[in-house]
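What the coordinates show
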Amino acid sequence: MRIEVDGTPMEVAPQPGQVLRTLLRQHGVTSVKKGCDAGDCGACSVLVDGVPVHSCITPAHRMDGRTVTTAAGLGTPEHPHPVQRAFAEAPGFQCGFCTAGFVVTASTLTDDDLADRHRKLKGNLCRCTGYRAIEDALDGVVNTACATPGAAVGTSVVAPAAMRVVTGQEEYTLDVPDTPAVRATEALLHLAVLGSPHPHARITAIDTTAAEALPGVHAVLTYRDDPGVLFSTGRHESRLDDPDDTRVLDRVLRFRGQRVAAVVADSVRTAELACALLRVDYQVLPSVHDPDAARRPGAPLLHGDKTSAEHRIAEPTCNVVASLHGETADVGAALAVAAATVDGTWSTGRVSHAALETHATRGWVDPDGRLVLRTATQVPFLIRDEIARVFALDPARVRVVAKRVGGGFGGKQEMLTEDLVTLAVLRTGRTVQYEFSRRDEFTIAPTRHPMRVRVRLGADTNGRLTAMHVDQTMDTGAYGNHGIGVMFHSVSESVAVYRCPAKRVDAESVYTNNLPSGAFRGYGLGQVVFAIESAMDELARELGIDPLELRRRNVVVPGDPLVVTDPHEETDLRWEGSYGLDQCLHLVEQALAGPLPEVPRTDGPVLTGPGPDGSPDWAFGTGVALAAIATMPPRGHHAHTSVELLPGGRYRIGVGTAEFGNGTTTVHTQLVATALGTTPDRVEVHQSDTDAARYDTGAFGSAGVVVAGRALYAAAQALRDEMTARALAVVAARTPRTASGVLGPAVAVEPGGVRVGDELVGHAELLVDGPLVAHGTHDGTPRSLAFTVHGARVAVHRPTGEVRVLQSVQAVDAGTVLNPEQLRGQVEGGAAQAVGSALYEEVVLDDTGRVTTDAFRSYRVPKMSDVPRTEVLFADTHDPLGPLGAKSMSEAPYNPVAPAIANAVRDAIGVRPYRLPMTWDRVWALLADPADAGGA
Ligand code: FES
């Protein structure tokens, strides 16, 4: 069959049933991305004879004689299509995994189509941006700017990879047509997994005979091949932060879909066929799917064979992974004498990260005999070290490479595919690839922890908190990955942000036979913040005090201790960091006092509030909520970086963090350029490769700017000092009489070299004595606090329960704003994700732990028409702990959004929502029977 792809004629032979996307990628056309297999997400969009289609549902055999255009065919980094240039300059992307598809579809839009953009682009999803920036790109709005030498910080400079992203040239994990394997002529092998059909079972026998006999099968891996080392898929600086409860292939299965066996074969299809030929006998075990039931005596035990001391499980005999119980004073007594009290129980749903790039790893043995894993991870160094430990390899014999990652949100702080690929590579000696399907992402990849949170508050007549009790139970699922860290973090800053003389916290992380929960943007804070901020709103109503004013009276201020459960508890959170919470409250208060913004983002009538143009069917309300978050994780987060001067006045930085849309790479170039008196475009980034960069804990916990950025700035300053010293030596050698005294204060690093007095010492002269490299290190401590305050105005449709967000405003204290447009994008994207999980996103399980929402059609992530435009306001502070005054802001925007919307719904309808998401049917039920709202 003959087709033309991006102007190049190709002779191809599609396999039976093959779709266009797999055909294109099989032939090295990696500008076409895989986000799903169902025509839902649009990452695979291409033009067929000029018409946009989803190539993942387009039969390949129908392409005979057709012309196919991908993002790479629209333009190149040097000569981009106007739409691509607009996406770069807006910038209309973060991770960029959706961008190749977006630009393809957008390139066909007429002016009339642009007016109808929500419908025309409903087939393209973006999980990162919140869509405002994409709409700016469609409208030709330029939000980026060029920096002047030495003054890049504070400017919205464009991401270094922008042109490659918008033209489909940027490499993601599996965008790798050639693998430098030992036997490069041998084709890539693929891995498929047989998942457990039972939520709890023991394998009594596996017959692999028929599967192994299938032509094309190279290996069948079962529990008999397990290396015998327990580990956790959750990764942290200290592996001791997580319980050792997981095996590569376990004989006991603790949730539906858990690996029973894996097949390595010539193709995915053959591997899947072989999986179906495996004959497995199970001893089905009783299962438990509710954390409260799992805590009761006699409940089935998931890890009863393990011990607290050896495996770091708090109470394996009652399914408790971790617990925290403590108080600062007698909360019961304080509640008994309080002038006003609130007592309610809030619950949150299970949420999928839904990053458009699925988890995937390709592994091989390089010509030196070292294991190489190219993988979608936020933590390459932590993956390297754990793979080496589990498989008894020397870490120096393992290399982990992360190219640009197509979205993370905490989901790629897990080791989900790397271990199985390693086992397969070690067994076969071949290059092996394992790629999650979208269904896998929904059914076996960890989700956000569902929580049940009871909050009791007491206050005096002046609205001063006198008692706070937070009682949290979370479902960590079948394995304890992140189940300890999320539990502790969930009740940390959420409780510490308020002054209160009597605080009590009870928290438990509980095993169930549900799919595992894990790290998710906010790391547990969002769930507890939803409960506490809802309770604060209710307390304000009890007291007759404005909800924002009540918060103002009770939030901690510099000088207050940051106490959770023990006033004598050591904490590395410091008030030496900047404080902008007061500004954030003021900014949101002002914004909510103004007129409603235009609301062009949802279908249906424009709602402007009660009045002549407002239907009586709609109820209107306003809500606020706040959140604080530490600027990096506790217990250590390390970054070791390098900056090297290259010939021609360019610089090369080595940094271990991965780029997955968080924008740290851009900020890193800004920090280095500022220190070195140059512009970011002269800074080359080598990152997230354990061979090419020095150790970095990884890109999570909002640490990319604060930790790695500070280490890079230190390295750049050291290089600047070294360049200055060399320049002085050069000048002193030429004019020894004037070297001291005259020259000291008149030395400056410039784009052309180092200026000493009137003399410019060029880069070539600086490099005469050999290469110039400087290193920087930062261990992250002490930590500071970043703040967010969210305000929402909503309309609730009484007949249906629909909640429509009319105004969304968030004020953030991120310290010095290093890149305003990127920071705005992080806030908008976090707010959009939070709107999704507040109103409709939920991974639904039946009573036996079976996921019933296993595709984008049943699990709804926000489309362009779904999310409100969030107004983003910046507090003006300078954090002395962060690089050039900056704090972190990638997780924080998520946390206050759901409670702000819930409080607005309460304001609108007079009934409080206690459960997320606030779906139409649930809100309708609240209206139908307010007494049944729950919460008691
Ligand atoms: Fe759209 Fe990441 S930028 S999915």
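Please refer to the structure placed before this passage.
A brief report on the enclosed structure follows. Numbering of residues begins from 1 in every chain and follows the order in which that chain's sequence is written. Restriction of local features to residues with pLDDT of at least 70 applies here, the model being predicted, together with a cutoff of 80 or more for giving and counting side-chain atom pairs; totals for whole chains, interfaces and linings are based on all residues. Working from all heavy atoms in the structure, the side-chain values ignore hydrogens and water.

What follows concerns the overall build of the protein chain. Numbering of helices and strands runs from the N terminus; a helix is a DSSP stretch of H or I covering at least four residues, while a strand is a stretch of E covering at least two. In terms of helices and strands, the protein chain carries 27 helices and 33 strands. Our radius of gyration is a C-alpha quantity, and the globule rule it is checked against amounts to 2.2 Å times the number of residues to the power 0.38. Computed over the C-alpha atoms, the radius of gyration of the protein chain is 28 Å, within 12% of the 30 Å expected from 2.2 N^0.38 for a compact globule of 936 residues. The dimensions of the protein chain, computed from C-alpha atoms along their principal axes, are 80 × 80 × 65 Å. Residue burial is assigned from relative accessible area. The probe radius is 1.4 Å, only protein chains are included, and a residue is buried under 20% of its type maximum, exposed over 50%, and partly exposed in between. Here the protein chain holds 936 residues, and 64% of them are scored as buried. A contact between two residues is defined here by any heavy atoms of the two lying within 4.5 Å. Of all intrachain contacts in the protein chain linking residues separated by at least 6 positions in sequence, the fraction that spans at least 24 positions is 79%.

Comment: axis = line fitted to C-alpha atoms, over the contacting stretch for helices; angle = value between 0 and 180 degrees taken between N-to-C directions. Where helix α22 (residues 664-675) meets helix α23 (residues 703-734), the axes come as close as 8 Å, and the angle between the chain directions of the two elements is 25 degrees. It follows from the interaxial angle that α22 and α23 lie roughly parallel. The way α22 lies across α23 gives a crossing that is right-handed. Residues Thr664, Val667, His668, Leu671, Val672 and Ala675 of α22 pack against Gly704, Val705, Ala708, Gly709, Leu712, Tyr713, Ala716, Gln717 and Arg720 of α23. In this scheme, roughly parallel covers angles under 35 degrees and roughly antiparallel covers those over 145, while 65 to 115 is roughly perpendicular and the rest are oblique. Two helices cross in a left-handed way if the nearer one is turned anticlockwise from the farther one by less than a right angle. They cross in a right-handed way if the turn is clockwise.

Turning our attention to the sheet that holds strand β14 (residues 360-365). Whether two strands pair depends on DSSP finding at least two bridges between them. Reading across the sheet, the seven strands line up as β8-β10-β6-β17-β14-β15-β16 and stay open at both edges, with mixed pairing between neighbours. Strands with a single pairing partner mark the edges of an open sheet, and in this sheet they are β8 (217-221) and β16 (398-401). Put simply, the sheet's adjacent strands are angled 20 degrees from each other on average, direction ignored. Bridge count between strand β6 (residues 189-195) and strand β17 (residues 432-435): two bridges; the pairing is parallel. Across the sheet, leucine 189 pairs through a bridge with valine 432, a residue of β17. Strand contacts of helix α10 (residues 268-277): β6, β8 and β10 (259-265), with the helix running at about 30 degrees to β6, the strand carrying the most contacts.

Moving on: the packing of aromatic side chains. Between rings of Phe, Tyr and Trp, where Trp is taken as its six-membered ring, a pair exists when centres lie within 6.5 Å; planes separated by under 30 degrees are stacked, by over 60 edge-to-face, and by other angles tilted. For the structure on display, the rule yields 11 aromatic pairs. Between phenylalanine 255 and tyrosine 479 the ring centres are 6.3 Å apart and the planes differ by 80 degrees, which places this aromatic pair in the edge-to-face class. Here phenylalanine 255, found in the loop between β9 (252-253) and β10, pairs with tyrosine 479, found in the loop between β20 (465-477) and α17 (483-490); they are 224 residues apart in sequence, far enough to count as distant. Across this residue pair, the class does not change: phenylalanine 255 and tyrosine 479 are buried. For the pair phenylalanine 381 and tyrosine 695, a centre-to-centre distance of 5.4 Å together with 65 degrees between the ring planes defines the contact as edge-to-face. With a gap of 314 residues between them, phenylalanine 381 in helix α14 (residues 380-390) and tyrosine 695 in the loop between β26 (683-687) and α23 connect regions that are remote in the sequence. Only lysine NZ and arginine CZ atoms are considered, and such an atom sits over a ring when it is within 6 Å of the ring centre and within 35 degrees of the ring normal. Lying across the ring of tyrosine 223, arginine 224 places its NZ or CZ 5.5 Å from the centre.

Three or more residues of helix α20 (residues 547-554) are buried, namely Pro547, Leu548, Leu550, Arg551 and Asn554. For α20, the arc enclosing every buried residue in end-on projection is 160 degrees, short of the 170-degree limit, so these residues lie on one face. Here the buried face of α20 lies against β20, α19 (525-543), α21 (581-593), β23 (618-630) and α26 (897-909). Where α20 begins, one side-chain oxygen reaches toward the backbone nitrogen of leucine 548, 3.0 Å away; that side chain belongs to aspartate 546. What the arc measures is the spread of directions leading from the helix axis to the C-beta atoms. N or O atoms within 3.5 Å of each other form a polar contact, as long as, within protein, one can give a hydrogen and the other can take it, and as long as residues adjacent in sequence are counted only when both atoms are side-chain atoms.

The criterion for a disulfide is a pair of cysteine sulfur atoms lying within 2.5 Å. Overall, the coordinates contain zero disulfides when judged by the stated rule. The structure places no disulfide on cysteine 41, whose sulfur is separated from the nearest cysteine sulfur, that of cysteine 36, by 3.9 Å.

That bond from alanine 90 to proline 91 is cis: its omega, -15 degrees, falls within 30 degrees of zero. The topology assignment puts proline 91 in the loop between α3 (82-89) and α4 (99-106). Phi at aspartate 6 takes a positive value of approximately 50 degrees, unusual for a residue other than glycine. Its location among the elements puts aspartate 6 in the loop between β1 (2-5) and β2 (8-11). Owing to a relative accessible area of 24%, aspartate 6 belongs among the partly exposed residues under this scheme. Notably, aspartate 49 is not glycine yet its phi reads approximately 50 degrees, a positive angle.

Attention shifts here to the environment of methionine 723. Summarising the element assignment, methionine 723 is placed in helix α23. Look at methionine 723 and you get buried, because its relative accessible area is 0%. Put simply, methionine 723 and leucine 676 are 47 residues apart on the chain and 9.6 Å apart in space, counted from C-alpha to C-alpha. Aside from chain neighbours lying at most four places away, what touches methionine 723 is Leu645, Tyr651, Leu676, Val749, Val754, His763, Leu766 and Leu772.

What follows concerns the sheet that holds β23. The four strands lie next to each other as β23-β31-β32-β33, forming an open sheet whose pairing is mixed. The open sheet has two free edges, formed respectively by β23 and β33 (870-874), since each of these has just one partner strand. Direction aside, the axes of adjacent strands within the sheet are offset by 15 degrees on average.

Okay, α17 next. The buried count for α17 comes to seven of eight residues, which makes it a mostly enclosed element. Of the residues making up α17, those classed as buried are Gly483, Ile484, Gly485, Val486, Met487, His489 and Ser490.

Among the nonpolar cores identified, the biggest contains 186 residues, and Phe87 and Ile901 are the most heavily contacted of them. Leaving out residues up to four positions away in the same chain, phenylalanine 87 has contacts with Gly92, Phe93, Thr99, Phe102, Val103, Ala106, Ile134, Ala137, Leu138 and Val166. Nonpolar core, defined: a set of buried Ala, Val, Leu, Ile, Met, Phe, Trp, Tyr and Cys residues in which side-chain atoms within 4.5 Å join the residues together. Judged by nonpolar contacts, the second largest core, of 42 residues, contains Ala147, Ala639, Val667 and Leu719.

Turning to its location among the elements, glutamate 576 is positioned in the loop between α20 and α21. The sequence separation of glutamate 576 and proline 782 amounts to 206 residues, and the corresponding C-alpha distance is 9.0 Å. In contact with glutamate 576, not counting residues within four places along its chain, are Pro880 and Leu881.

A word on the side chain of histidine 763. You can see histidine 763 is positioned in helix α24 (residues 763-766). Only 3.5 Å separates the side chain of histidine 763 from the backbone nitrogen of glycine 753, close enough to count as a polar contact. Residues in contact with histidine 763, not counting those within four places in the same chain, are Leu645, Gly648, Gly649, Tyr651, Met723, Glu750, Pro751, Gly752 and Gly753.

Our next topic: the pairing of strand β32 (residues 803-813). Among the 11 residues in β32, 11 count as buried, and that is most of the element. Relative to β32, strand β31 (residues 785-797) runs antiparallel, the two being bridged by 10 bridges. Note on β32: the bridge partner recorded for glycine 791 is valine 809. Pairing analysis gives five bridges linking β32 to β33, with the strands arranged parallel. Bridged to alanine 811 within β33 is leucine 873.

To continue, consider the packing of α3 against α4. For any two helices packed against each other, one specifies the crossing angle of their axes together with the interaxial distance. With their axes 9 Å apart at the nearest point, α3 and α4 run at an angle of 135 degrees to one another. The pairing of α3 with α4 is recorded here as oblique in orientation. The hand of the α3/α4 crossing is right-handed. Contacts between α3 and α4 involve Val83, Gln84 and Phe87 from the first element and Thr99, Phe102, Val103 and Ala106 from the second. When residue character is reported, Ala, Val, Leu, Ile, Met, Phe, Trp, Tyr, Cys and Pro are called nonpolar, Asp, Glu, Lys and Arg charged, and the others, Gly included, polar. Split by residue class, the contact of α3 with α4 holds five nonpolar, two polar and no charged.

Within strand β21 (residues 503-511), eight of the nine residues are buried, leaving the element largely enclosed by the surrounding structure. Direction of pairing for strand β12 (residues 320-327) relative to β21: antiparallel, over a ladder of seven bridges. Its bridge partner being in β21, serine 323 is matched across the sheet by glutamate 508. The sheet contact formed by β20 and β21 spans nine bridges and is parallel. Note on β21: the bridge partner recorded for threonine 473 is glutamate 508.

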